[in-house]
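Residue strings, one per chain:
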Amino acid sequence: MKSLLGFMVMVLLTSTQAFSKEKARGQAPTQARSQIELNDQLLDAVVEGSIASVNRALAAGASPSGRGFLGRIALTEAVDRGLPKIFDRLMAVPGIDPNAKNGWGTTALMQAAQSGNLEIFSRLMAVPGADPNAKNNRGQTVLMNAASGGNLTIFNRLIAVPGVDPNAKDNG
C-alpha cells in the first residue's frame, strides 16, 4: 500500500511540475486531460486483453506510448501481462515510442527483461532506437531488471550487446 501511495504522489507531483513549467513558458500542457482519459481507456482494453477494445481506443486517439492518469503506459502493460497480439497491435501504431517510460521510468524493454518474456524482449531489441541502456527513476538499467528477475537468458543476451554497461550503478 505504501508503494502505491508513494507512486501516486510521485505521478501527481510530476504532472504538477510539468504543468507549472509549461505554464511558466506560456505553453499549454502537453497532455490534456482528455488525452489522459483516452490513454486510460486503452490501458483498460489492454487489461481486458481485448484486441477489439484496443482498436476502438486507438481509433479514438489513445496513444500506446502515452501515460494514463496513474502514469501507466499501454505498451508496458501489454508486455507485463504477456499479451503478444496486443503488443504487436500497439507496436504497429505509427510514431510509437519503444522507449516511453511509465511513472516509475520503466520502459517496455525493462519490463520484458524483468518478467522474462523472451519473445517480446527479442522483438523489442530488434526495434530501431530501442535503448538497452535506459534507466528507470531509481537508476536501474534493463540489464539490472533482467538480473533481478532471474532471467539469465535475457541477461546473457544483453551482455553480448555492444555498448551495454555491465558496470552501471543505480541510484541506491
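All of these numbers come straight from a predicted model, not from anything done at the bench. Starting from 1, residues in each chain are numbered consecutively following that chain's sequence as written. Whole-chain, interface and lining totals are the exception, using all residues; otherwise, since this is a predicted model, local features are given only for residues with pLDDT of at least 70 and side-chain atom pairs are given and counted only at 80 or more. Values reported for side chains reflect all heavy atoms of the structure, with hydrogen atoms and water molecules removed beforehand.

1. Thoughts on the pattern of salt bridges
- Counted as salt bridges are all cases of a side-chain nitrogen of Lys or Arg within 4 Å of a carboxyl oxygen of Asp or Glu. A full pass over the atoms with the stated rule returns four salt bridges.
- Of the charged contacts in the structure, one is a salt bridge between Glu77 and Arg72, with a shortest N-O distance of 3.6 Å.
- Using a 1.4 Å probe on the protein chains alone, a residue whose accessible area is under 20% of its type maximum counts as buried, one over 50% counts as exposed, and one in between counts as partly exposed. With a relative accessible area of 12%, Glu77 lands in the buried category.
- Connected through shared salt-bridge partners, Arg72, Glu77 and Arg81 make up one network.

2. Focus: the nonpolar core
- Think of a nonpolar core as a cluster: buried Ala, Val, Leu, Ile, Met, Phe, Trp, Tyr and Cys residues, connected wherever their side-chain atoms sit within 4.5 Å. The biggest cluster of nonpolar side chains holds 35 residues, and the ones touching the most others in it are Leu42, Val54, Leu90, Phe121 and Leu124.
- Those residues in contact with Leu90, other than ones at most four positions away along the chain, are Leu42, Val46, Val54, Leu58, Pro64, Ala74, Leu75, Ala78 and Ile96. Contacts are assigned to residue pairs with any non-hydrogen atoms lying within 4.5 Å of each other.

3. So, helix α7 (residues 118-125)
- Think of it this way: any DSSP run of H or I at least four residues long counts as a helix, any run of E at least two long counts as a strand, and we number them from the N terminus. Along α7, the positions that sit buried rather than exposed are Ile120, Phe121 and Leu124. Here the buried residues of α7 occupy an arc of 105° about the axis, which is enough to place them on one side.
- Of the surrounding elements, those touching the buried residues of α7 are α4 (74-80), α5 (84-91), α6 (108-115), α8 (142-148) and α9 (152-159). Note that the arc is computed from the directions linking the helix axis to the C-beta atoms.

4. Let's talk about the packing of α7 against α9
- Here an angle of 0 to 180 degrees is reported between the N-to-C directions of two axes, which are lines fitted to C-alpha atoms, with helices fitted over the stretch in contact. At a closest axis distance of 10 Å, the pairing of α7 and α9 adopts a crossing angle of 15°. The orientation of α7 with respect to α9, classified from their angle, is roughly parallel. Of the two possible hands of crossing, α7 and α9 adopt the one that is right-handed. Residue-level contacts link Leu118, Phe121, Ser122 and Met125 of α7 to Thr153, Ile154, Arg157 and Leu158 of α9.
- Residues were grouped as follows: Ala, Val, Leu, Ile, Met, Phe, Trp, Tyr, Cys and Pro as nonpolar; Asp, Glu, Lys and Arg as charged; and all remaining residues, including Gly, as polar. Here the contact of α7 with α9 is composed, by residue class, of five nonpolar, two polar and one charged. What sets the label is the angle itself: under 35 degrees gives roughly parallel, over 145 gives roughly antiparallel, 65 to 115 gives roughly perpendicular, and the rest give oblique. Handedness of a helix crossing follows the sense of rotation of the near helix relative to the far helix, less than a right angle counterclockwise being left-handed and clockwise being right-handed.

5. Observations concerning the side chain of Ser53
- Within the secondary structure layout, Ser53 lies in helix α3 (residues 51-60).
- For Ser53, a relative accessible area of 13% gives the class buried.
- Two N or O atoms count as a polar contact when they lie within 3.5 Å, although within protein this holds only if one can serve as hydrogen donor and the other as acceptor, and sequence-adjacent residues are included solely when both atoms are side-chain atoms. Side chain to side chain, Ser53 and Glu48 meet in a polar contact 3.3 Å long.
- Every residue in contact with Ser53, bar those within four places of it in the chain, is listed here: Ala45 and Glu48.

6. Here's the deal with the layout of surface pockets
- Of the grid points, spaced at 1 Å and generated over the protein atoms alone, those admitting a 1.4 Å probe that cannot get out make up cavities, while open sets with protein on both sides within 12 Å along at least five of seven lines make up pockets; any residue with an atom within 4 Å of a point is treated as lining. Grid points are joined across faces, edges and corners, and a volume is the space filled by probe spheres set on the points. Of the pockets and cavities examined, the second largest pocket occupies roughly 230 Å³.
- If you go around the second largest pocket, you meet 10 residues; those closest to its centre are Trp104, Thr106, Asn136, Arg138 and Gln140.
- Split into classes, the residues belonging to the lining of the second largest pocket amount to two nonpolar, seven polar and one charged.

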